Amino acid sequence: MTPAGNNSFRVFGVFLCLFWGVLSDFSAVSDWKLNCGWKLSNANGSVSLPAIVPGCVHSALLKQGYIQDPYFRFNDVSYRWIALDNWTYTNTFPLSGNLRSVLGFFIFYFFNYFQYPVIFSVPCIDRSKQKVQLVFDGVDTVATIYLNGVALGKTDNMFRRYEFPVTDLLKDGDNVLNVSLFSPVLYASERREAHSAYRVPPECPPDVQKGECHVNFIRKEQSSFSWDWGPSLPTMGLWKEVRLEAFDVVHFTQLSSVALYNSSLSQWRVQVELLVDAVQTTNCVIVLSIPGLPSQEAEFNTKFLQGKTRNTFTLHINTDSQVNLWWPNGHGDRPGYRLVVRAKQDKRLILNTETKVYFRTVELIQEPVVGSPGLSFYFRINGKPIFLKGSNWIPPHSFQDQVTPAVLRNLLQSAVDSNMNALRVWGGGVYEQDLFYTICDELGIMVWQDFMFACAMYPTEDDFIQTVREEVIQQVQRLKSHPSIIIWSGNNENEAALATDWFGIPVSQRPTYLKDYVTLYVKNIRAIVQQEDQSRPFLVSSPTNGAESEQEGWVSENPYDPHYGDTHFYSYTLDCWDWNTFPRTRFASEYGFQSWPSFSTLQTVSVEEDWSYNSSFSSHRQHHGNGNQQMLQQAALHYNLPNSTDPLKRFTDTLYITQVMQAQCVKAQTEFYRRSQSEIIEGKGQTMGALYWQLNDIWQAPSWSSIEFGGKWKMLHYFAQSFFSPVLPVGFEDDETFFIYAVSDLSQDLKLRAVVTVYSWSDLAPVCTVKSELLLVAGGSASAIFKERVPALLAGCGHCTRLTCLLTFHVEEQTGQQQGPTNHHYLCSPRDAQGLHTPNITAKVQEDGSGYSITLLSASVAPFVWLDVGKVPGRFSSNGFLMLSPNRTVSFIPWRPTSVTELSQSLTVTSLTDVY
């Protein structure tokens, strides 16, 4: 918008702020966000530019044209200098305690808006209030903060809120706020050098990650120094809001509510917590009410002591009130109730706010298992055992200011649309923004919430422990109202790292590290969580043996023992089609295989010379040692590798084959876990969770994700729609016997039969169909409903052999109504299939009422049919499928305006035989 076009907006801003100034005279608290008018400069002043808060240095440099996209080609390394420099954010803001001066400043800004383009940066803070404080919701990370030349204090933790009293430092006229940020890389190195008694491994990431060292010495996003799926872009900045708060008597800084259930009394109570900052000891009446529940109101005469205090009030719900429960996705609705909180002082209303409260219980059940030497490990929500189906969440962007509501909504909706009910927020990223958890509440996504410690040992100096303690208190208080969070976990893989000696710690030094581990995670984090939140369980680590690890002194001899707890399992060399290679675990919280993203995703950050699997770009983008070769080696076990003489086609075909491999591998492993939920075999089994690694990407690169950076679904995510279905038929072979299990997440029992159809690779017409008898499948179980020797099955279908035929199967009720998706079982590797021809698929795009439809015509059987519309963002109704009919129609919902012409020109259709 041009300056002239902004005039009416600015005049409106003046009057709005004047009106606000009048209102502030009668309000308990006045505050003002200091998001605009910032300047950013480096240490020697050679770079100076405007900046927006919330934001970071990289984003500001990019916005002002000082740098290119840090994700482009090799820029992550080229821009290493940014994190090695020191940077200062400066905001000069005028302030006045009376309306006349405020009006004077508005007139000043009105005639000088070229210099100050955003009128709302003028703080209308009433300085006559008794207390004014400066609040930083998030500083990344190490900074000294100055106001009018006076040092207010220092910050050293990205995950904490910092507050500074500034009543006596503010003045009429210009106030100058400086936030001097110290290089996180140099800070981490200096902290490491100061820790001379013993090393705290790992020192540095593997060379393939091209990262920075000693990230475990700084309380910031651990993956920002690099990870095996992400770049090294150590951010600096004011990544959350900055504001001034002014008040006279009391300031209510935070409200949380947790519903707790007393099973012995069959009664709910709502525990409401108010964090209060009082200028002086103050008597108040607190009134709590839930309008949606009749007669649920209570009054409390209370005294707020001077200073910052935590005040807890309990609203008991009448036993005759039937509350509606919050349920995970696929198990029920998720109603929330309005909780109204009012505070009165001398009959004057000083607080009138509301929040939501949800009613649900969560238990982590670890108890003896019949026929097994270990313990169970599963979650019971509202008394019902729930199989957790989902994935692991990493930061969606290296720069948190780029994680928009639309990005969060798209990713979380994608999880639900693939029948997930759980996500694990991994401990090397960030505690997500409030909106993330609110959306999870709405969609029924259970959240396994790690604390932000991952794959490392950590120091335990007093100052480090103290900042961690404050971090944990603040994050638990902020997040505990969300019913979606079902468990807190202290760290990612640190018990395993210590138990299995990832870092080569001498035996004589092991007690030191064990002591540090217990000090940090048990005596501090666990103790705080148990005090702050009684509504959900806590685990010290993941993976862990849970209760067994506790018995062994918190670090078990083998944290991967499948008889206990949760496991992380990766194997890239063993054949992923062989289910015998997978651990029959109680709970699988990490497992997966890499793939490359689509060409259209890579194209935005590369140039033509990069479009080769063996290019410098492809090598640079791969941060997992030998990862590019491992993908091809795994794919070569079952598929012919691309061999086109056209370099670009060979590259795009290779990207495709890695996605085929990944999708089929994760499908095989997930189906194994789902069918293992009702069995104990050799003491192992009763698997009650499958969270593959990982849901999303942080940049455009090969990774374990099922959704590419930008939101495009990989083939794996389309597969997840099926293998996470509420009712799923799972087929597998054991000693040449073919089994089908019916897996059901439903509450009700079903009577189901298996329907097996045999196809020839060379013909679209089915060869024969076999049906089993109807069998009872209990809700929340996995039951074998079909068993047949493969030779006998093929012999009954004419001339079929393992090399010439394949199987599809589904389950149906007595009426013939199909339940769940149609699944498939390959009797041989597709590379060995006899009779498999190039299908010569044609496609026609048409517009329909809700989007676009694409009708495919195929001349023969086509495995892994993949539709791609290049740079047109959107989602297909189905993709990566096995085509066994002459025609099939899928729909496409675009995320921006498009046309039949554009889609037709952009559309490519690839199947397995098209790549060789």
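As the structure is a computational prediction, the values presented were derived from the model and not from experiment. (Residues numbered from 1 in each chain as written. Predicted model: local features only at pLDDT ≥ 70, side-chain atom pairs only at ≥ 80, totals over all residues. Heavy atoms only, no water.)

## Focus: the overall build of the chain
Item 1. Assigned secondary structure in the chain consists of 19 helices and 45 strands.
Item 2. A compact globule built from 916 residues should have a C-alpha radius of gyration of about 29 Å, and the chain, at 30 Å, falls within 12% of that.
Item 3. Counting only C-alpha atoms, the chain reaches 95 × 65 × 65 Å along its principal axes.
Item 4. Counting over 916 residues, the chain shows a buried share of 60%.
Item 5. Of the roughly 34,500 Å² of accessible surface on the chain, a fraction of 51% belongs to carbon and sulfur atoms.
Item 6. With 70 positive and 87 negative side-chain charges, the chain shows a spacing of 4 Å between the two charge centroids. (Helix = DSSP H or I, 4+ residues; strand = E, 2+ residues; numbered from the N terminus. Rg over C-alpha atoms; globule rule 2.2 N^0.38 Å. Buried < 20%, exposed > 50% of the residue type's maximum accessible area, 1.4 Å probe, protein only. Areas by Shrake-Rupley, 256 points an atom, 1.4 Å probe, with all protein chains shown as cover. Lys, Arg positive; Asp, Glu negative; His and termini not counted. Charge placed at Lys NZ, Arg CZ, Asp CG, Glu CD.)

## Section: the state of the cysteines
Item 1. Under the counting rule described, the total for this entry stands at four disulfides.
Item 2. Paired through a disulfide, Cys204 and Cys213 show a sulfur-sulfur distance of 2.0 Å. On the sign convention where negative is left-handed, the bridge of Cys204 and Cys213, at about 105 degrees about the S-S bond, is right-handed.
Item 3. Using a relative accessible area of 23% as the deciding quantity, one classes Cys213 as partly exposed.
Item 4. Linked covalently through their sulfurs, Cys576 and Cys665 form a disulfide whose S-S length is 2.0 Å. With the S-S dihedral at roughly -70 degrees, the linkage between Cys576 and Cys665 falls on the left-handed side. Placement of Cys576 in the loop between β26 (567-569) and β27 (588-591) and of Cys665 in helix α16 (residues 647-675) is noted, with a sequence separation of 89 residues between them.
Item 5. The exposure class of Cys665 is buried, given its relative accessible area of 1%.
Item 6. Here Cys56 stays free of any disulfide, with the sulfur of Cys36 as its closest cysteine sulfur at 17 Å.
Item 7. There is no disulfide at Cys455, and the cysteine sulfur nearest it, in Cys204, is 15 Å away. (Disulfide = S-S within 2.5 Å.)

## A word on the layout of surface pockets
Item 1. One number sums up the size of the largest pocket: a volume of about 1,500 Å³.
Item 2. If you list the elements that add at least two residues to the lining of the largest pocket, you get β1 (29-33), β10 (242-247), β11 (250-262), β17 (348-357), α8 (434-443) and α9 (462-479).
Item 3. Counted by class, the lining of the largest pocket contains 14 nonpolar, 15 polar and 16 charged residues.
Item 4. In this model, the second largest pocket occupies a volume close to 660 Å³. (1 Å grid on protein atoms, 1.4 Å probe; cavity = no way out; pocket = protein on both sides within 12 Å on 5 of 7 lines; lining within 4 Å. Points joined across faces, edges and corners; volume = space filled by probe spheres on them. Nonpolar A, V, L, I, M, F, W, Y, C, P; charged D, E, K, R; others polar.)

## A short note on helix α11 (residues 510-532)
Item 1. Here α11 spans 31 Å end to end across 23 residues, near enough to the 33 Å set by a 1.5 Å rise per residue.
Item 2. Residue Thr519 marks the point of greatest curvature in α11, where the axis turns by about 30 degrees. (Expected span 1.5 Å × (residues − 1). Bend = angle between axes of the 7 residues up to and from the residue.)

## Quick look at the pattern of salt bridges
Item 1. Here the structure, examined in full by the defined rule, presents 40 salt bridges.
Item 2. Note that Lys129 is salt-bridged to Asp248, the shortest N-O span being 3.9 Å. In this pair, Lys129 sits in the loop between α5 (99-110) and β5 (131-136) while Asp248 sits in the loop between β10 and β11, placing the two residues 119 residues apart along the sequence.
Item 3. Judged by its relative accessible area of 5%, Lys129 falls in the buried class.
Item 4. Between Lys480 and Glu273 there is a salt bridge, with its nearest N and O atoms 3.2 Å apart. Here Lys480, found in the loop between α9 and β24 (485-489), pairs with Glu273, found in strand β12 (residues 267-278); they are 207 residues apart in sequence, far enough to count as distant.
Item 5. Its relative accessible area of 4% is what places Lys480 among the buried residues.
Item 6. A residue is classified by how much of its surface remains accessible, and Glu273, at 6% relative accessible area, is buried. (Salt bridge = Lys/Arg side-chain N within 4 Å of Asp/Glu carboxyl O.)

## So, the confidence of the model for the chain
Item 1. Model confidence for the chain is summarised by a mean pLDDT of 93, while 93% of its residues fall at 70 or above.
Item 2. Low pLDDT, under 50, characterises residues 98-123; the stretch is placed with 50 contacts to residues that sit more than four places away or in other chains. (pLDDT = per-residue confidence, 0-100. Contact = heavy atoms within 4.5 Å.)

## Section: the environment of Tyr564
Item 1. Its place among the elements puts Tyr564 in the loop between α12 (547-551) and β26.
Item 2. The exposure class of Tyr564 is buried, given its relative accessible area of 14%.
Item 3. In the structure, Tyr564 is positioned 18 residues away from Gly546 in sequence and 6.8 Å away in space, judged by C-alpha atoms.
Item 4. If we ignore the near neighbours within four places in the chain, the residues touching Tyr564 are Pro373, Gly374, Leu375, Thr544, Asn545, Glu548 and Arg586.

## A few points about the packing of aromatic side chains
Item 1. Enumeration over the complete set of coordinates arrives at 58 aromatic pairs.
Item 2. For the ring pair Phe159 and Tyr431, a centre distance of 5.1 Å and an interplane angle of 90 degrees mean the geometry is edge-to-face. Taken as a pair, Phe159 in the loop between β7 (150-155) and β8 (162-165) and Tyr431 in the loop between β22 (422-425) and α8 lie far apart in primary sequence, 272 residues in all. Both residues of the pair, Phe159 and Tyr431, count as buried.
Item 3. Taken together, a centroid distance of 5.6 Å and an interplanar angle of 90 degrees make the contact between Phe453 and Tyr521 edge-to-face. With Phe453 in the loop between β23 (446-450) and α9 and Tyr521 in helix α11, this residue pair connects regions lying 68 residues apart in the sequence. For the pair Phe453 and Tyr521, one class covers both residues: buried.
Item 4. Ring pairing ties together the aromatic residues Trp579, Phe582, Tyr591, Phe672, Tyr673, Phe732, Phe739 and Tyr741, which thus form one cluster.
Item 5. Across from the ring centre of Phe732, 3.4 Å away, lies the NZ or CZ of Arg675, which sits over that ring.
Item 6. It is Arg888 that lies over the ring of Phe881; its NZ or CZ is 3.9 Å from the centre. (Phe/Tyr/Trp six-rings, centres within 6.5 Å; stacked < 30°, edge-to-face > 60°. Lys NZ or Arg CZ within 6 Å of the ring centre and 35° of its normal.)

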